[in-house]
Amino acid sequence: MELTDSHGRNINYLRLSVTDRCNMRCFYCMPEEGITKREHGTILSYEELLLISETAIGLGIEKIRITGGEPLVRTGIVGFLERLARIPGLRHLALTTNGLLLEQLADALHQAGVQRLNVSLDSLKPQTFSDITRGGDLKRVLGGLDAAERAGFPPPKINCVIMRGVNDNEILDFADMTLSHGNSIRFIEYMPAIKEDGWQRYCIPGSEILERIAGRYTLEQVDKGPFSGPSRDFRIPGARGSIGIITAVSGHFCSECNRIRVTSTGQAKGCLFSDEKTDLVPYLRPPDRERLAEALRGIVSSKPERHSITGEGYAHKNFTMSQIGG
Ligand code: SAM
Ligand code: SF4
Ligand code: SF4
């Protein structure tokens, strides 16, 4: 079965957030303080998340990415992933993590059936990393990357949000890393998530990131595999890893957008930057598969053609990326 939206895009990818809690506080994602703990019962149970997944897969979703907050902080995550991986029709199960708990959990995640890991890593300098994440320990994340490969995962894709004046002086260090490491480094444009005046000052268009790398290295274009996501991929000739550019703000991958999102409180969204969302809870408590399927189809058919955050008069949406899952 195929899910197609009203702009002719095939929707086969669900980003499923399992928690809005996190063991880090990246300044561009979460406020330092003032996150109120959700009342017990507002976060969907694993049974409910499985029901959403099963229904979405029945409609045509083939890939699920587990995200958060930090998905690995949720108790029982491995058992949930094992059950999710067994749902017939799911072709690709991936997880995005900040990597802090990977040393402990990489083996179990691999055995549970997770096929790929994306690890977020915005700096290779301990102090800058700690400043961005408000206290994160770079060594643990690097240890987590090694543990993932030892556990049998392909080298994790590394998500790196580039911000002017914060870590843009490391673009070439990350590019260098692909010479000796098999990871794909994906440079992501900073998106306005935390409500903050002057957010534009952090933005560096993907084209500029690419120019800076091309100033030092020749880059060859890499063909994309299935489920490889919205990045444009390049390789320094002879390098082990690759370089991807995700132009979430300046760019034009809305026309290829294949995703929907469901938050850990059961809010389904067709577009990261749209206000429109559908509360799935009424179809989960008690479970009503037919109406749940109808609600998911509705989210797909009302998906906007593109975001308007670069347009004039964009009203900053007050959301944290940790609630939506990036
Ligand atoms: N905690 C996990 C992690 O950090 O990988 C998963 C959730 S996090 C919200 C998912 C992704 O969103 C991360 O790669 C993070 O860098 C990205 N993200 C969060 N806020 C962002 C922002 N303002 N602009 C661009 N990417 C952002
Ligand atoms: Fe946590 Fe990930 Fe957000 Fe950083 S980006 S605060 S690790 S959820
Ligand atoms: Fe898809 Fe919306 Fe992101 Fe564009 S901004 S790629 S439509 S989710």
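Shown above is the structure to which this text applies.
Conventions we followed
- Residues numbered from 1 in each chain as written.
- Chains lettered and ligands numbered in written order.
- Predicted model: local features only at pLDDT ≥ 70, side-chain atom pairs only at ≥ 80, totals over all residues.
- Heavy atoms only, no water.
- Near = heavy atom within 4 Å.
- Nonpolar A, V, L, I, M, F, W, Y, C, P; charged D, E, K, R; others polar.
- Buried < 20%, exposed > 50% of the residue type's maximum accessible area, 1.4 Å probe, protein only.
- Helix = DSSP H or I, 4+ residues; strand = E, 2+ residues; numbered from the N terminus.
- Pairing = 2+ DSSP bridges.
- Expected span 1.5 Å × (residues − 1).
- Contact = heavy atoms within 4.5 Å.
- Salt bridge = Lys/Arg side-chain N within 4 Å of Asp/Glu carboxyl O.
- Polar contact = N/O pair within 3.5 Å; in protein donor to acceptor, adjacent residues only side chain to side chain.
- Areas by Shrake-Rupley, 256 points an atom, 1.4 Å probe, with all protein chains shown as cover.
- Arc of directions from axis to C-beta.
- Phe/Tyr/Trp six-rings, centres within 6.5 Å; stacked < 30°, edge-to-face > 60°.

**Q** Looking at this model, I keep getting lost on the site of ligand 3. Mind explaining?
**A** Near ligand 3, the surroundings consist of F253, C254, C257, R261, C271, L272, K303 and H307. Looking at the shell around ligand 3 residue by residue, the class counts come to five nonpolar, one polar and two charged.

**Q** What should I look at first to understand the pairing of strand β10 (residues 259-262) in this one?
**A** Burial of the side chains of β10 extends over both faces: R259 and R261 are buried on one face and I260 and V262 on the other. In this sheet, β10 lies alongside strand β1 (residues 13-17) in parallel orientation, the contact comprising four bridges. Bridged to L16 within β10 is V262. Direction of pairing for β10 relative to strand β11 (residues 267-269): antiparallel, over a ladder of two bridges. Bridge pairing links R261 to K269 in β11. Between the antiparallel neighbours β10 and β11 lie four residues, among them G266 with a positive phi of about 90 degrees.

**Q** Sorry, what's going on with helix α1 (residues 46-59) here?
**A** Turn by turn, an α-helix covers 3.6 residues, leaving residues three or four places apart pointing in a common direction. Between the first and last C-alpha of α1 there are 20 Å, a value that for 14 residues agrees with the 20 Å anticipated at 1.5 Å per step. Extensive coverage of α1 is indicated by the burial of eleven of its 14 residues. Of the residues making up α1, those classed as buried are Y46, E48, L49, L50, L51, I52, S53, T55, A56, I57 and L59. Those residues of α1 that are buried are in contact with β1, β2 (63-67), α2 (77-85), β10 and α8 (289-301).

**Q** I'm lost on unusual backbone geometry in this one. Help?
**A** When glycine is set aside, most residues are seen to have a negative phi, and most peptide bonds are trans. Along the chain, R285 connects to P286 via a cis peptide bond; the corresponding omega equals 0 degrees. Its place among the elements puts P286 in the loop between β12 (277-279) and α8. Although it is not a glycine, R134 sits at a positive phi angle of roughly 55 degrees. For R134, the position within the fold is in the loop between α4 (126-133) and α5 (138-150).

**Q** When you look at the pattern of salt bridges in this model, what are you seeing that I'm missing?
**A** When the charged atoms of two side chains lie near each other, side chains of opposite charge can form a pair. Scanning the entire structure with this criterion turns up ten salt bridges. Residue R134 pairs with E32 through a salt bridge whose shortest N-O separation is 4.0 Å. Note that R134 is positioned in the loop between α4 and α5 and E32 in the loop between β1 and α1, a separation of 102 residues in sequence. Classification of R134 by relative accessible area gives partly exposed; the value is 31%. You can call E32 exposed: its relative accessible area is 54%. The network of salt bridges with shared partners includes R164, D168, E208 and R212.

**Q** Looking at this model, I keep getting lost on the site of ligand 1. Mind explaining?
**A** Taken together, 19 residues are adjacent to ligand 1, and Y28, G69, T96, S120 and M191 come closest. Within the backbone of T97, a nitrogen or oxygen atom sits 3.3 Å from an oxygen atom of ligand 1. The contact in question runs from an oxygen atom of ligand 1 to an N or O atom on the side chain of N159, over 3.5 Å. If ligand 1 stood free it would expose 540 Å²; the protein chains cover 95% of that surface. Secondary-structure elements contributing two or more residues to the shell around ligand 1 are β3 (92-97) and β5 (157-162). Each residue belonging to the shell around ligand 1 can be placed in one class, and the counts come to seven nonpolar, ten polar and two charged.

**Q** Help me understand helix α7 (residues 206-214) in this model?
**A** Listing the buried residues of α7 in full gives G206, I209, L210 and I213. Relative to the axis of α7, the buried residues are bounded by an arc of 95 degrees and lie together on one face. Against β5, α6 (171-180), β6 (184-189), β8 (232-235) and β9 (242-246) lie the buried residues of α7.

**Q** Would you take a moment to explain the packing of aromatic side chains for this structure?
**A** Each aromatic ring pair is described using two quantities: the centre-to-centre distance and the angle formed by the ring planes. One pass over the structure, following the stated rule, counts five aromatic pairs. On the numbers, 5.8 Å between centres and 75 degrees between planes, the contact of F27 with Y28 is edge-to-face. As far as the burial class goes, F27 and Y28 line up, both buried. Centre to centre, the rings of Y190 and Y202 are 5.2 Å apart; their planes meet at 70 degrees, and the pair counts as edge-to-face.

**Q** So what exactly am I meant to see when it comes to the pairing of β9 here?
**A** Two faces, one strand: in a regular strand the side chains alternate between the faces of the sheet. Most of β9 is tucked away, with five of its five residues classed as buried. Burial of β9 is two-sided: the residues S242, G244 and I246 facing one way and the residues I243 and I245 facing the other way are all buried. Relative to β9, β6 runs parallel, the two sharing five bridges. Directly across from R186, in β9, lies its bridge partner G244. Where β8 folds back on β9, the antiparallel hairpin that results is connected by six residues, among which G238 adopts a positive phi of roughly 85 degrees.

Interpretation in functional terms is not warranted from these geometric data alone.
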